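So you can see what is in the structure, the chains are spelled out below.
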Amino acid sequence: MNSIDSTPAKQGLASIEGSERTLYPYVTGTSVIGIKYKDGILIAADMGGSYGSTLRYKSVERIKPIGKHSLLGASGEISDFQEILKYLDELIVYDNMWDDGNSLGPKEVHNYLTRVMYNRRNKFNPLWNSLVLGGVKKGQKYLGMVSMIGVHFEDNHIATGFGNHLARPILREEWHENISFEDGVKLLEKCMRVLLYRDRSAINKLQIAKITESGVFVSQPYALKTFWGYSAFENPTKGAEGSW
Amino acid sequence: MTKAAIHVPPKGGFSFDLCRRNEMLAQNGLKPPCSFKKTGTTIVGLIFQDGVILGADTRATEGPIVADKNCEKIHYMAPNIYCCGAGTAADTEAVTDMVSSQLQLHRYHTGRESRVVTALSLLKSHLFNYQGHVSAALVLGGVDVTGPHLHTIYPHGSTDTLPFATMGSGSLAAMAVFESKYKEGLTRDEGIQLVSEAICSGIFNDLGSGSNVDVCVITKGHKEYLRNHQQPNPRTYVSSKGYSFVKGHTEVLTTKITPLKEKVEVIEGGDAMEE
């Protein structure tokens, strides 16, 4: 009885064949964290693509270089991320064809992405991503974010997804201007470790990407060391028999 | 049907009689009452080498408004057991008060110091009984004969036994601090420092938490309730002159003087009142 009532309502903005707008994400990536450091930008993301509650893909590269000056990291729907990469590829190629010695910097790419995301949101067909855009052009460091509804801003440190709640407090405390490369990587790893412990869709296989004036460098995937050796974990109900 | 129905005394607990009527009202467009006083909160606890340290912020919210800037979220349960509460303020207060008095009666009955697992069992069975409708999320900590204990209790009645725990809306911000900085065998000062840091992380990164930091240190045979241990949100712009308004500050527009007439005429030498 209930199914007959609900189907006509669902077809409000959908055609008879099926819905032609994004209703929910399917294969998703979890948080991305980015920080500005002394020589440029550092972005970290793990390599997991979850299909609902299953960890379906374990080698998804969620950080990609864009042109000469930018790095894009994305969380959310992976297929929408791939679509965005296609759009950006078109954009960069078109820009290169001018062959005028000028190239699109991170600020321009960020603006382009904002327009794309906001326009799709207005059509009620969003690209289900939170994008982190970082880059260096002519010595100017830039780090910004665009959400799936087109909210965009620029900051010294960015976090998406669960990173908003778990990584941002740590970044606010411990980030400082002109942080060195080693300290920056340590800070990112600290945040990624907390996310690994407390985000159910995180996996222990991450990449850190660096962009400076001289170019882009994406690290090989590696794992973080975790600590489970608390004595309280060994026998949690030692003094509280029957509890759990 | 007989008119004289048997009067059944109301059974204890919640009465769901009005649910149907509430649903009907909601369907007809009536908005339910805005929000009850909650303690959108950051509460934490950790075990250090000599015992347990509990911490809490002091903001109580009613929807988007801060109802109480400096409330107490660390509740007394027993001389050696304290409990932090998050969720609906009335529920946390009532539940901790109730179990606290039950523990006192139990102490009189047995003649022994209360154990943390006793409080734990009383709280979790009460909350489970109410199937999550009593919205109280608690961090219970104390030191008894069997050692230091720290437990978290969820509104539906499940519990965890942990070396460090956080609850409330600011729990993720506080947990980020704990996960990166906690280690076993902390000293008292290190423990208080870490707890304060975690609460401050909640205060500054979560909108539901704010104001000051309360800390409670419980060790074997001794407890220290550090109310407002840190006050990281002072009132900064207080006028040094205070509020003194000299006559002439406000412009007088009109003056009207109305003499009060005496309504009663006193007759001298009248009859004395009867006793």
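Residues numbered from 1 in each chain as written. Chains lettered and ligands numbered in written order. Predicted model: local features only at pLDDT ≥ 70, side-chain atom pairs only at ≥ 80, totals over all residues. Heavy atoms only, no water.

**Side note on the overall build of chain A**
Here comes step 1: From N to C terminus, chain A includes six helices and 13 strands.
Here comes step 2: Burial statistics for chain A: of 244 residues in total, 45% are counted as buried.
Here comes step 3: When contacts within chain A are restricted to residue pairs at least 6 apart in sequence, those whose partners lie at least 24 apart make up 62%.
Here comes step 4: Approximately 13300 Å² of chain A is accessible, and the part contributed by carbon and sulfur atoms is 52%. (Helix = DSSP H or I, 4+ residues; strand = E, 2+ residues; numbered from the N terminus. Buried < 20%, exposed > 50% of the residue type's maximum accessible area, 1.4 Å probe, protein only. Contact = heavy atoms within 4.5 Å. Areas by Shrake-Rupley, 256 points an atom, 1.4 Å probe, with all protein chains shown as cover.)

**Quick look at the UniProt feature "active site" (unreviewed entry) in chain B**
Residue and element names in this part refer to chain B.
Here comes step 1: UniProt records the feature "active site" (unreviewed entry) for Thr41 in the present numbering.
Here comes step 2: The residue Thr41 is located in the loop between α1 (19–27) and β1 (43–48) in this model.
Here comes step 3: Among the residues examined, Thr41 registers a relative accessible area of 0% and is labelled buried. (UniProt positions renumbered as here; feature names shortened; annotations may be inferred.)

**Structural notes on the confidence of the model for chain B**
Here comes step 1: The predicted model of chain B averages 88 in pLDDT, with 90% of residues at 70 or higher.
Here comes step 2: If you check the scores for this complex, the pTM reads 0.80 and the ipTM reads 0.79. (pLDDT = per-residue confidence, 0-100.)

**A closer look at the interface of chain B and chain A**
Here comes step 1: Each partner contributes residues to the interface: chain B has 24 residues there, and chain A has 21 residues.
Here comes step 2: For the pairing of chain B and chain A, the buried interface totals around 1900 Å² over both sides, and the portion due to carbon and sulfur atoms is 61%.
Here comes step 3: Arg198 of chain A serves as the salt-bridge partner of Glu179 of chain B, at 2.8 Å between the closest nitrogen and oxygen.
Here comes step 4: The tally of links between chain B and chain A comes to three residue pairs in polar contact (both at pLDDT 80 or more).
Here comes step 5: Where the side of chain B that touches chain A is concerned, the elements lending two or more residues are α3 (116–129), β8 (147–153), β9 (159–161), α4 (171–181) and α5 (188–205) of chain B.
Here comes step 6: Of all the elements, α4 of chain B adds the most residues to the side of chain B that touches chain A, at seven residues. (Buried area = accessible area lost by both parts, 1.4 Å probe. Salt bridge = Lys/Arg side-chain N within 4 Å of Asp/Glu carboxyl O. Polar contact = N/O pair within 3.5 Å; in protein donor to acceptor, adjacent residues only side chain to side chain.)

**Quick word on the state of the cysteines**
Residue and element names in this part refer to chain B.
Here comes step 1: Summed over the entire model, instances satisfying the criterion amount to zero disulfides over all chains.
Here comes step 2: Its sulfur unpaired, Cys83 is 6.7 Å from the next cysteine sulfur, which belongs to Cys84.
Here comes step 3: Taking the relative accessible area as the measure of exposure, Cys83 reaches 0% and is therefore buried. (Disulfide = S-S within 2.5 Å.)

**Describing the pairing of strand β7 (residues 70–77) of chain A**
All names here are of chain A.
Here comes step 1: Counting buried positions along β7 gives eight out of eight residues, so the element sits mostly inside the fold.
Here comes step 2: Here strand β1 (residues 27–29) pairs with β7 via two bridges, running antiparallel. Bridge pairing in β7 links Gly29 to Gly76.
Here comes step 3: Here strand β6 (residues 63–66) pairs with β7 via four bridges, running antiparallel. When the sheet's bridge partners are listed, Ile66 is paired in β7 with Ser70.
Here comes step 4: Here β6 folds back onto β7, and the loop between the two strands holds three residues, one of which, Gly67, carries a positive phi near 65 degrees.
Here comes step 5: In this sheet, strand β8 (residues 129–137) lies alongside β7 in antiparallel orientation, the contact comprising seven bridges. Within β8, the residue paired with Leu72 across the bridge is Leu133. (Pairing = 2+ DSSP bridges.)

**A few points about the packing of aromatic side chains**
The relation between two aromatic rings is expressed through the spacing of the ring centres and the mutual angle of the planes.
Here comes step 1: Counted according to the given criterion, the structure contains 12 aromatic pairs over all chains.
Here comes step 2: Ring geometry for Tyr24 of chain A versus Tyr26 of chain A: centroids 5.9 Å apart, planes at 80 degrees, classification edge-to-face.
Here comes step 3: A ring pair is formed by Tyr230 of chain A and Phe233 of chain A, whose centres lie 5.2 Å apart and whose planes are at 90 degrees; its orientation type is edge-to-face.
Here comes step 4: Given a relative accessible area of 6%, Tyr230 of chain A falls into the buried group.
Here comes step 5: Put simply, the rings of Phe227, Tyr230 and Phe233 of chain A together with Phe164, Phe178 and Tyr182 of chain B touch in pairs and so form one group of aromatic residues.
Here comes step 6: One cation-aromatic arrangement involves Lys210 of chain A over Phe181 of chain A; the distance from NZ or CZ to the ring centre is 5.0 Å. (Phe/Tyr/Trp six-rings, centres within 6.5 Å; stacked < 30°, edge-to-face > 60°. Lys NZ or Arg CZ within 6 Å of the ring centre and 35° of its normal.)

**What about the pattern of salt bridges?**
Here comes step 1: This structure, assessed with the given rule, holds 13 salt bridges over all chains.
Here comes step 2: Between Glu61 of chain A and Lys64 of chain A there is a salt bridge, with the nearest N and O atoms lying 3.5 Å from each other.
Here comes step 3: By relative accessible area, which is 28% here, Lys64 of chain A ends up partly exposed.
Here comes step 4: For the salt bridge of Lys181 of chain B with Glu174 of chain A, the shortest nitrogen-to-oxygen distance reads 3.7 Å. Here the residue Lys181 of chain B occupies a position in helix α4, and Glu174 of chain A occupies one in helix α4 (residues 163–174), the pair thus bridging two chains.
Here comes step 5: In this structure, a network of salt bridges that share partners links the residues Glu174 and Lys190 of chain A together with Lys181 and Glu197 of chain B.

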